[in-house]
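These are the residues of each chain, in order.
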Amino acid sequence: MEKVLIAFAAALAIGITAVATAWAQSRIGAAGSGTLAEKPELGGTIVILLAIPETMVILGFVVATMILFTGK
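Parameters at a glance
- Residues numbered from 1 in each chain as written.
- Predicted model: local features only at pLDDT ≥ 70, side-chain atom pairs only at ≥ 80, totals over all residues.
- Heavy atoms only, no water.
- Helix = DSSP H or I, 4+ residues; strand = E, 2+ residues; numbered from the N terminus.
- Rg over C-alpha atoms; globule rule 2.2 N^0.38 Å.
- Buried < 20%, exposed > 50% of the residue type's maximum accessible area, 1.4 Å probe, protein only.
- Contact = heavy atoms within 4.5 Å.
- Areas by Shrake-Rupley, 256 points an atom, 1.4 Å probe, with all protein chains shown as cover.
- Lys, Arg positive; Asp, Glu negative; His and termini not counted.
- Charge placed at Lys NZ, Arg CZ, Asp CG, Glu CD.
- Axes fitted to C-alpha atoms, helices over the stretch in contact; angles between N-to-C directions.
- Parallel < 35°, antiparallel > 145°, perpendicular 65-115°, else oblique.
- pLDDT = per-residue confidence, 0-100.

Trainee: Summarise the overall build of the chain; cite the residues concerned and give the values.
Mentor: Tallying secondary structure elements over the chain gives three helices and zero strands in all. Ordering the α and β elements of the chain from the N terminus gives α-α-α. Its C-alpha atoms give the chain a radius of gyration of 17 Å, clearly above 11 Å, the size a compact globule of 72 residues would have. By principal-axis analysis of the C-alpha atoms, the chain measures approximately 55 × 15 × 5 Å. Sorting the 72 residues of the chain into buried and exposed places 15% on the buried side. Long-range pairs, those at least 24 residues apart, make up 79% of the contacts in the chain with a sequence separation of at least 6. Accessible surface computed for the chain: about 5200 Å², of which carbon and sulfur atoms make up 78%. Averaged over its 4 positive side-chain charges, the chain has a centre that lies 13 Å from the centre of its 4 negative ones.

In structure tokens:
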């Protein structure tokens, strides 16, 4: 039963961060497309702003890996 809970905790670490990243990128993408319609020169900035939330998933993956490998 303990291994099931460890696996569930690791799945939550990835799943919650993936949903949060998707939500953040949808908001940034909608605002970014409106911004690009008005100021096309800000394309590079929008790409950078879309890449920043990906760090949440990377950190979630690191936490999930730590949970799995330090679990008993």
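Trainee: An account of the environment of Val-57 is requested, with residue identities and associated values reported.
Mentor: Structurally, the position occupied by Val-57 is in helix H3 (residues 54-70). With 38 residues separating them along the chain, Val-57 and Val-19 place their C-alpha atoms 9.1 Å apart. Val-57 has contacts with Thr-17, Ala-18 and Thr-21, leaving out every residue within four places of it along the chain.

Trainee: Go over the packing of helix H1 (residues 2-38) against H3, please, and point to the residues and values.
Mentor: The interhelical angle for the contact between H1 and H3, taken along N-to-C directions, is 180°, at an axis separation of 8 Å. Comparing the axis directions of H1 and H3 gives the class roughly antiparallel. Of H3, the residues touching H1 (which contributes Ile-6, Ala-7, Ala-9, Ala-10, Ala-13, Ile-14, Thr-17, Ala-18, Ala-20, Thr-21, Ala-24 and Gln-25) are Glu-54, Met-56, Val-57, Gly-60, Phe-61, Val-63, Ala-64, Ile-67 and Leu-68.

Trainee: Account for the confidence of the model for the chain, with residues named and values stated.
Mentor: For the chain, per-residue confidence averages 93 on the pLDDT scale, and residues scoring 70 or more make up 97% of the total. For the chain, helix H2 (residues 43-51) is the element with the lowest average pLDDT, namely 93, and H1 is the one with the highest, namely 95.

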